[in-house]
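# Residue-level structural notes
Residues per chain are reported as follows:
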Amino acid sequence: MELIMIPEHLMTQDLNLTYNYLSGKIPTNLSHCTELRSFEASVNDFVGQIPNQLSSLTKLEIIGLGGSNLTGNVPAWIGNFSSLKALSLAWNNLRGSIPNELGQLSGLGFFTLYGNFISGIIPSSIYNISSIYYFSVTQNQLHGQLPTDVGLTLPNLKIFAGAVNYFTGSIPVSLSNASNLQVLDFAENGLTGTIPGNFGSLKDLVRLNFDQNELGSREIGDLNFLKFLANCTSLEVLGLARNSFGGEMPISIANLSTHLRRLTMGENLMHGNIPVGIGNLVNLNLLGLEGNNLSGSVPEVIGRLNKLEGLGLNVNKFSGLIPSSLGNLTILTRLWMEENRLEGSIPPSLGNCQKLLVLNLSSNDLNGTIPKEV
């Protein structure tokens, strides 16, 4: 379906064409709709660039063009839209850099460019738009460091996301000043240092994800910040996998939010036992501890986590028996325990895990027969 032609001098203030199958280029004669306050046409099949003729729509407050196959650059003239409150250009094929002119949008609150091919650094002027509450540049090719004062210059942040980029440097301690922060997600970057302990003051934090960075020093005490995160009573996702955190799993893990659904700590340098207090995290549906140097027996208390769907204990140094309590995990679909030092027989209780799709017990010291229940 081709995009309909827009009549000249159309007096409409809101134009919403989202979730259709509109194709072709965005019509240039939209430039005549000078009273337009909102232009939303996300999730269509457009081709080509955002036409420069739209620079005449200076009264726009909302631009929504996400998921529409657009190419070219982010237009610098958008910075002239002094009333703009929301800019969404996510999930397109945009390239080039973020224009410095966007820093002129002093009333901008919603800013999303995720899922493009945008490169370069984020202009410092954008970090000075104090009204921004939703900021996502995830999955681009951006680099540079996060400003140390970003939590002071963007105090209204609720969403701050830049995963799957090339950011380096440390996590700004000042983010604790953004007291309404709910999502902080910079997984898959090159961040170093550690997670600031003062993040425990972020009472509304739901997602804290730093999977696959270069955090930690490979030393004892790397995970001490976890005791402060016990104050984040709404936390549902904690991602720490594929970093360089050393030391033991602290017993303070028992005090993390009971709302926690995903805890990923795999592929670090942790050693020692799993604290039995992990059994307090009764709403976990994913627990990833794979690829560490954890040892001792797998605690029976993991059987309390009956909402688990995925459990990764593989590639560690666990010994002793496979706990029969794992049979309580009746909705478990994936259980990885390979490459450990587990011994004894496979417990028949695993037969209760009727939804298992993956069961890997290879490269252990198990003996006996496979129970008929399994």
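Because the structure is predicted, anything quoted here is derived from the model rather than measured.

## Digging into empty space enclosed by the protein
Summed over the entire model, instances satisfying the criterion amount to 1 cavity of 30 Å³ or more. Its volume calculated, the largest cavity comes out at about 60 Å³. Lining the largest cavity are Phe-39, Ile-50, Leu-54, Leu-60, Ile-63, Leu-65, Trp-77, Ile-78, Phe-81 and Leu-89. Split by residue class, the lining of the largest cavity holds 10 nonpolar, no polar and no charged.

## Focus on the sheet that holds strand β21 (residues 293-297)
Taken in spatial order, the 6 strands make up an open sheet running β17-β19-β21-β23-β25-β27, and their pairing is parallel. The sheet is open, and its two borders are formed by β17 (246-248) and β27 (365-366), each paired with just one other strand. The pairing of strand β23 (residues 317-320) with strand β25 (residues 341-344) spans 2 bridges and is classified as parallel. Paired with Ser-319 across the bridge in β25 is Arg-341.

## Here we look at the sheet that holds strand β8 (residues 119-120)
With parallel pairing, the 4 strands of this open sheet are ordered in space as β8-β10-β12-β14. The two strands at the open ends of the sheet, each matched to only one other strand, are β8 and β14 (190-192). Pairing geometry for strand β12 (residues 166-170) and β14, over 3 bridges, is parallel. Looking across to β14, one finds that Ser-170 is bridged to Thr-192.

## Thoughts on unusual backbone geometry
A positive phi angle, close to 60 degrees, is found at Val-164, a residue other than glycine. Taking relative accessible area as the criterion, Val-164 reaches 31% and is therefore assigned partly exposed. For Val-315, which is not glycine, the phi dihedral falls at a positive 55 degrees. With relative accessibility at 34%, the residue Val-315 sits in the partly exposed group.

## A closer look at the confidence of the model for the protein chain
Predicted confidence across the protein chain gives a mean pLDDT of 95, with 97% of residues reaching 70 or more. Every residue in residues 1-6 scores below 50 in pLDDT, and together they form 18 contacts with partners more than four places removed in sequence or on other chains.

## Comments concerning the pairing of strand β19 (residues 269-272)
Because side chains alternate across β19, one face comprises the buried residues Met-270 and Gly-272, and the other comprises Leu-269 and His-271, none of which is buried. Bridge count between β17 and β19: 3 bridges; the pairing is parallel. Residue pairing for β19: Gly-247 is matched across the bridge by Met-270. Across 2 bridges, the pairing between β19 and β21 is parallel. Opposite His-271, over in β21, you have Asn-293 as the bridge partner.

## Points about the pairing of strand β10 (residues 141-145)
Burial of β10 is one-sided: the residues Leu-142 and Gly-144 facing one way are buried, the residues Gln-141, His-143 and Gln-145 facing the other way are not. By the bridge criterion, 3 bridges tie β10 to β12 in an arrangement that is parallel. Bridging across to β12, Gln-145 finds its partner in Thr-168.

## As for the environment of Leu-108
The topology assignment puts Leu-108 in the loop between β6 (86-88) and β7 (110-112). Note: C-alpha distance between Leu-108 and Ile-126 (18 residues apart in sequence) is 9.5 Å. With residues up to four places along the chain from it excluded, the contact list for Leu-108 reads Leu-84, Lys-85, Ala-86, Leu-87, Ile-129, Ser-131 and Ile-132.

## Quick look at the packing of aromatic side chains
According to the stated counting rule, one finds 9 aromatic pairs in the structure shown. Ring plane angle 65 degrees and centroid distance 5.7 Å describe the contact between Phe-167 and Phe-186, whose orientation is recorded as edge-to-face. Of this pair, Phe-167 sits in strand β12 while Phe-186 sits in the loop between β13 (183-185) and β14, and the two are 19 residues apart along the sequence. Assigned by exposure class, Phe-167 and Phe-186 land together as buried. An aromatic cluster is built from Phe-111, Tyr-127, Phe-135, Phe-160, Phe-167 and Phe-186, whose rings are joined through pairwise contacts.

## Some points on the environment of Arg-341
Secondary-structure assignment places Arg-341 in strand β25. With a relative accessible area of 47%, Arg-341 lands in the partly exposed category. In this structure, the C-alpha to C-alpha distance between Arg-341 and Met-249, residues 92 residues apart in sequence, is 20 Å. Those residues in contact with Arg-341 that lie beyond four places of it in its chain are Lys-317, Phe-318, Ser-319, Gly-320, Asn-364 and Asp-365.

## Focus: the pattern of salt bridges
Taken as a whole, this structure holds 6 salt bridges when the rule is applied. Two residues, Glu-236 and Arg-261, come together in a salt bridge whose shortest N-O distance is 3.1 Å. Within this pair, whereas Glu-236 is found in the loop between α2 (226-229) and β16 (237-239), its partner Arg-261 is found in the loop between β17 and β18 (262-264), the two being separated by 25 residues in sequence. What makes Arg-261 partly exposed here is its relative accessible area of 32%. For Glu-267, the salt bridge is made with Arg-242, and the minimal N-O distance between the two is 3.5 Å. Here the residue Glu-267 occupies a position in the loop between β18 and β19, and Arg-242 occupies one in the loop between β16 and β17, the gap between them amounting to 25 residues. Residue Glu-267 is classed as partly exposed on the basis of its relative accessible area, which comes to 38%. Among the charged side chains, a network of salt bridges with common partners joins Glu-35, Arg-37 and Lys-59.

Here is what the cut-offs are and how they apply
Residues numbered from 1 in each chain as written. Predicted model: local features only at pLDDT ≥ 70, side-chain atom pairs only at ≥ 80, totals over all residues. Heavy atoms only, no water. 1 Å grid on protein atoms, 1.4 Å probe; cavity = no way out; pocket = protein on both sides within 12 Å on 5 of 7 lines; lining within 4 Å. Points joined across faces, edges and corners; volume = space filled by probe spheres on them. Nonpolar A, V, L, I, M, F, W, Y, C, P; charged D, E, K, R; others polar. Pairing = 2+ DSSP bridges. Helix = DSSP H or I, 4+ residues; strand = E, 2+ residues; numbered from the N terminus. Buried < 20%, exposed > 50% of the residue type's maximum accessible area, 1.4 Å probe, protein only. pLDDT = per-residue confidence, 0-100. Contact = heavy atoms within 4.5 Å. Phe/Tyr/Trp six-rings, centres within 6.5 Å; stacked < 30°, edge-to-face > 60°. Salt bridge = Lys/Arg side-chain N within 4 Å of Asp/Glu carboxyl O.

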